[in-house]
Amino acid sequence: MNVPFLDLKSQYLRLKPEIEEVLADIFEHSAFICGKYVDLFEKAFAAALVAKRFIATSSGTDAVHLMLWAGGIGPGDEVIVPVNTFIATAEGVSLCGATPVFVDNDPTSYNIDVERVEEKITSRTRAVLPVHLYGQPVDMDEINDIASRHGRMVFEDACQAQSARFRGKAVGNFGTAAAFSFFPGKNLGAYGEAGGISTNDEGLYQKMLRMRGHGSVERYVHESIGHNYRMEEIQAAVLLVKLKYLDGWNARRRQIAGMYRSLLADLKEVICPVESADAYHIYHLFVVLVPADKRDKLREFLQKRNIATGLHYPIPIHLQKAYAHLDYKRGDFPVAEKQANEILSLPMCPEMKDEQVEYVSVNIRSYFHG
Ligand SMILES: *Cc1c(COP(=O)(O)O)cnc(C)c1O
């Protein structure tokens, strides 16, 4: 048997007639950027989140940058972010000329340790930017409580959490704005680069809309500096086709997570992810913890049996060369540093068959117990 980490090809084959139809329509009309499909997708995704507004962008990284930039984050500001995330979260802050201030992991959820956010607030802190990592929502009531007591803004990085919910409400509705990514491997993925921002703030929406296209509303009239962060029609059309399947795909991911959990339950060497109370986790990734001295050998063992695994993320951001100038050192974030050596992402995608989940589990078991 062969178990890829994710299987975009078989998803495509099932959607092929629908995809071909919208692509043919785009080539027929030959409007390629921010046209009819971007408009339709923006409205459909806002409706899916039950958010007032959604603006499509050229990537998730651009979405993080644009929401912070339009939200007024600039040089001299600090933004509190988790140390365990994809680097784009911190880059969005840096691209505004501001400084990311890192927080260690919560030991059970891998998310930002909410208890450690308040101690990072200084006079320069402008905002908190939690990440719903691996598809698991952060406790946004706690984050909002801390931020509002100190009069700071909240932004969400929901790049891994399309349609994840906290207390029944979709993430993307808990702060000033939220960034989403539609990178092909995300739960809702385009056929190239794509992202977007949700907001319930009409003024900010208008500003982001302008800044997405060179600060202009009317062609060649520029009210401010912006960028080119527009989405392509091809990506919007693909996303529009796929959006109607997202809830079903997320439900299937949850089912696979449940299977892994029960098949691995009695293995004391493997700790499965814990769902936080009030969180509807959508398992963008299924990340387990195994003993650090066994992790790489287990990966190799699985690879030999045609099972692909991943590491999300092998080096916490404070130890990346890119952030050496912030002068953090090993030992600053003990939970994240320890977990970086223990994490292992198992294959996870809605196309996975039950037999494949069993095959992965049986092989993990045989690695530890022969
Ligand atoms: C994927 C991702 C991004 C960036 O998205 P791109 O579309 O790849 O630019 C940002 N933050 C997190 C947490 C992500 O997982």
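Quick note: structure is the one above.
None of these values were measured; they are calculated from a predicted model.

Peer 1: Which parts of the structure should I look at to understand the sheet that holds strand β3 (residues 99-103)?
Peer 2: Remark on secondary structure: sheet strands pair via backbone hydrogen bonds, oriented parallel or antiparallel. Pairing in this open sheet of seven strands is mixed, and the strands run β1-β9-β8-β5-β4-β2-β3 from one edge to the other. Whereas interior strands pair on both sides, the edge strands pair on one side only; in this sheet they are β1 (53-57) and β3. Strand-to-strand twist of the sheet, defined as the mean angle between neighbouring strand axes without regard to direction, takes the value 25°. Along the sheet face, helix α2 (residues 36-49) touches β1, β8 (177-181) and β9 (195-199) and points at about 135° away from the line of β1. Its contacts with the sheet place helix α3 (residues 60-70) against β1, β5 (153-157), β8 and β9, and it is angled at close to 165° to β8.

Peer 1: Honestly, the sheet that holds strand β10 (residues 279-280) in this entry has me stumped. Any pointers?
Peer 2: If you walk across this open sheet you meet the three strands as β7-β6-β10, and the pairing is antiparallel. Of all the strands in the sheet, just β7 (169-170) and β10 have a single pairing partner and so form its edges.

Peer 1: It is not clear to me how the site of the ligand should be interpreted in this structure. Could you clarify?
Peer 2: Neighbouring the ligand are 15 residues; Gly-60, Thr-61, Gln-160, Ser-181 and Lys-186 lie closest to it. One of the side-chain nitrogen or oxygen atoms of Thr-61 is found 2.5 Å away from an oxygen atom of the ligand. Alone, the ligand offers 370 Å² of accessible surface; in the complex the protein occludes 94% of this. Mapped by element, the contributors of at least two residues to the shell around the ligand are α3 and α4 (88-95). Partitioned by chemical class, the residues of the shell around the ligand number six nonpolar, seven polar and two charged.

Rules used throughout
Residues numbered from 1 in each chain as written. Predicted model: local features only at pLDDT ≥ 70, side-chain atom pairs only at ≥ 80, totals over all residues. Heavy atoms only, no water. Pairing = 2+ DSSP bridges. Helix = DSSP H or I, 4+ residues; strand = E, 2+ residues; numbered from the N terminus. Axes fitted to C-alpha atoms, helices over the stretch in contact; angles between N-to-C directions. Contact = heavy atoms within 4.5 Å. Near = heavy atom within 4 Å. Polar contact = N/O pair within 3.5 Å; in protein donor to acceptor, adjacent residues only side chain to side chain. Areas by Shrake-Rupley, 256 points an atom, 1.4 Å probe, with all protein chains shown as cover. Nonpolar A, V, L, I, M, F, W, Y, C, P; charged D, E, K, R; others polar.

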